[in-house]
Amino acid sequence: PSFGFLFDIDGVLVRGKTPIPAAKTAFQKLVNSQGQFLVPVVFVTNAGDCLRQKKADQLSHLLGVPISQDQVMMSHSPLRMFKRYHEKCVLVSGQGPLLDIAQDLGFCQPITIETLREKHPLLDVVDHDRRPDVLVSIFSFKILSIVLFGEPVRWETNLQLIIDVLLTSGYPGNPYRHENDPHVPVLACNMDLMWVAEAQSPRFGHGTFMVCLENIYKKITGKDLKYEALMGKPSKLTYQYAEYLIRAQAAERQWKQPIQTLYAVGDNLMTDVYGANLWENELASAAAARCRSVLVCTGVYNPHTEVPLDTRESITETVFHGHRDFRFEPSLVEPDHIVPDVDAAVDLVFQLENFAP
């Protein structure tokens, strides 16, 4: 094969924990009788609440084909490359086994919001029922960076303590400093404003939490919150890393033909399509592969509400749900192909590539 697939998960293969029926059919076409993939496949998800191996096990169970952790790219996977932060004390926000995830990525001194809250009981007072009896602060380490893995559960606690770290140069519990520029570095994974689960309408994603954090910081300081790095789709960093994983698979299988085209199959104009088009605009000349976007109608994207007859005009008028730091250009949210579901996407790509498994 001279092409590979980048599959989104939520809204393409599953809705919440419920598999989308077309997914199993599609994946039977992608493997041989021994369960080996016929083309390189990487699952590129903006989820960040578990280890790669757990996600690979979930996908293997849902799709009925064996999937290895090397085929799974979580929103936080590129953090492996940020070695200059790995030895430092980092505050991590999100949910799931955060310390395990951070350590798996190479971080040696991660600390969770919950631990910070226990060490500084005076800081978290929005919920009157959780106000502490013991009022002694026992934490004196300097926090040198903040890693936002995904949407947390208690937003008021996370927002308060992250702001405390930002406004005290890494010493929460100290008075706020008026001259606090630059603040400690912030690395954020997954900018999805919304995502699709079992509910009829999209749900808040980590991007919504980030909007809250950015606006609180600006309201207090008058300055923009700055990110050291943004990863997860549509970040170029994520697509570079995904291409590297695709090539590694092809090399492992000793497929001699170079990979020329990546097909990004997703359900979200602002992440999956935007990211693939951003790759095409800014990275394709430097990389060996071009990227084509294939939009499915089983998730966030709804063909009945978002795209009337004149696609170009309607998308231009759509409210931009992408992250604050990404520019809005109508061409970046125009998919190369629109199909009903992931099974139709696989059929279309096989046809375009003249590929007969």
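Residues numbered from 1 in each chain as written. Predicted model: local features only at pLDDT ≥ 70, side-chain atom pairs only at ≥ 80, totals over all residues. Heavy atoms only, no water.

**Points about the pattern of salt bridges**
Point 1. Considering all chains together, one arrives at 18 salt bridges under this definition.
Point 2. We note a salt bridge from R52 to D70, for which the minimum N-O separation is 3.7 Å. Here R52 is found in helix α2 (residues 52-63), whereas its partner D70 is found in the loop between α2 and β5 (72-73), with 18 residues between them in sequence. (Salt bridge = Lys/Arg side-chain N within 4 Å of Asp/Glu carboxyl O. Helix = DSSP H or I, 4+ residues; strand = E, 2+ residues; numbered from the N terminus.)

**So, the sheet that holds strand β1 (residues 3-7)**
Point 1. Strand order in the open sheet made by the 6 strands is β5-β4-β1-β13-β14-β15, with parallel pairing throughout. With one partner strand each, in any of the chains shown, β5 and β15 (337-339) form the two edges of the open sheet.
Point 2. Taken together, the 2 bridges between strand β4 (residues 41-44) and β5 define a ladder with parallel strand orientation. From the neighbouring strand, V44 faces β5, where its bridge partner is M73.
Point 3. Sheet strands touched by helix α7 (residues 236-252): β1, β4, β5 and β13 (261-266). Its angle to β4, the strand with the most contacts, is close to 155 degrees. (Pairing = 2+ DSSP bridges. Contact = heavy atoms within 4.5 Å. Axes fitted to C-alpha atoms, helices over the stretch in contact; angles between N-to-C directions.)

**What to know about the packing of aromatic side chains**
Point 1. One pass over the structure, following the stated rule, counts 17 aromatic pairs.
Point 2. Here the aromatic rings of F3 and F350 are separated by 6.4 Å at their centres, their planes lie at 70 degrees, and the arrangement is edge-to-face. Taken together, the residues span a long stretch of sequence, with F3 in strand β1 and F350 in helix α11 (residues 342-352) at a distance of 347 residues. F350 matches F3 in its accessibility class, with the two residues each being buried. (Phe/Tyr/Trp six-rings, centres within 6.5 Å; stacked < 30°, edge-to-face > 60°. Buried < 20%, exposed > 50% of the residue type's maximum accessible area, 1.4 Å probe, protein only.)

**Some remarks on the layout of surface pockets**
Point 1. Of the voids in this model, the largest pocket is the one considered here, and its volume is about 720 Å³.
Point 2. D10, A47, D49, K55 and W195 are the residues nearest the centre of the largest pocket, which is lined by 35 residues in total.
Point 3. Mapped onto the lining of the largest pocket, the elements with two or more residues apiece are α2, β10 (194-195) and α8 (269-282).
Point 4. The space that makes up the second largest pocket amounts to roughly 400 Å³.
Point 5. Surrounding the second largest pocket, 19 residues form its lining, S68, D70, Q71, Q249 and E252 being those nearest its centre.
Point 6. Element by element, the count of residues in the lining of the second largest pocket is highest for α7, at 6 residues.
Point 7. Grouping the constituent residues of the lining of the second largest pocket by class yields 10 nonpolar, 5 polar and 4 charged. (1 Å grid on protein atoms, 1.4 Å probe; cavity = no way out; pocket = protein on both sides within 12 Å on 5 of 7 lines; lining within 4 Å. Points joined across faces, edges and corners; volume = space filled by probe spheres on them. Nonpolar A, V, L, I, M, F, W, Y, C, P; charged D, E, K, R; others polar.)

**Describing the nonpolar core**
Point 1. With 39 residues, the main nonpolar core has F5, F7, L13, F27 and F43 as its most contacted residues.
Point 2. Put simply, the parts of the chain that give this core at least two residues each are β1, α1 (21-28), β4, α2, β13, β14 (290-296) and α11.
Point 3. Among the elements that line this core, the one with the most residues is α11, at 6 residues.
Point 4. Listed in part, the 37 residues of the second largest apolar core include V186, Y217, Y227 and V273. (Core = buried A, V, L, I, M, F, W, Y, C linked by side-chain atoms within 4.5 Å.)

**Some words on the confidence of the model for the protein chain**
Point 1. Residue-level pLDDT values for the protein chain average 90, and 92% of them are 70 or greater.
Point 2. Scored below 50 in pLDDT, residues 311-317 makes 11 contacts in the model with residues more than four places away or belonging to other chains. (pLDDT = per-residue confidence, 0-100.)

**Quick look at the sheet that holds strand β9 (residues 186-189)**
Point 1. In space, the 5 strands of this open sheet follow the order β7-β6-β8-β9-β12, with parallel pairing throughout. At either margin of the open sheet sits one strand with a lone partner, and together these are β7 (109-112) and β12 (229-231). Taken pair by pair, the neighbouring strands of this sheet meet at an average axis angle of 20 degrees, ignoring direction.
Point 2. Strand direction decides the pairing type here: strand β6 (residues 89-93) and strand β8 (residues 145-148), joined by 4 bridges, are parallel. In the strand pairing of β8, V92 is matched with V147.

**Quick look at the domain arrangement of the protein chain**
Point 1. Segmenting the protein chain into domains produces domain 1 (3-75 + 236-353) and domain 2 (78-230).
Point 2. On a C-alpha basis, the centres of domain 1 and domain 2 stand 29 Å from each other.
Point 3. Counting residues at the interface gives 26 residues for domain 1, matched by 28 residues for domain 2.
Point 4. Buried surface at the junction of domain 1 and domain 2, summed over both partners, amounts to about 2,300 Å²; 60% is from carbon and sulfur atoms.
Point 5. If you look at where domain 1 meets domain 2, you find 0 salt bridges.
Point 6. Scanning the region where domain 1 abuts domain 2 turns up 7 residue pairs in polar contact (both at pLDDT 80 or more).
Point 7. Broken down by element, the residue count for the side of domain 1 that touches domain 2 peaks at 3 residues, all from α7.
Point 8. Tallied by class, residues from the side of domain 1 that touches domain 2 come to 8 nonpolar, 11 polar and 7 charged. (Domains from an automatic or database assignment. Buried area = accessible area lost by both parts, 1.4 Å probe. Polar contact = N/O pair within 3.5 Å; in protein donor to acceptor, adjacent residues only side chain to side chain.)

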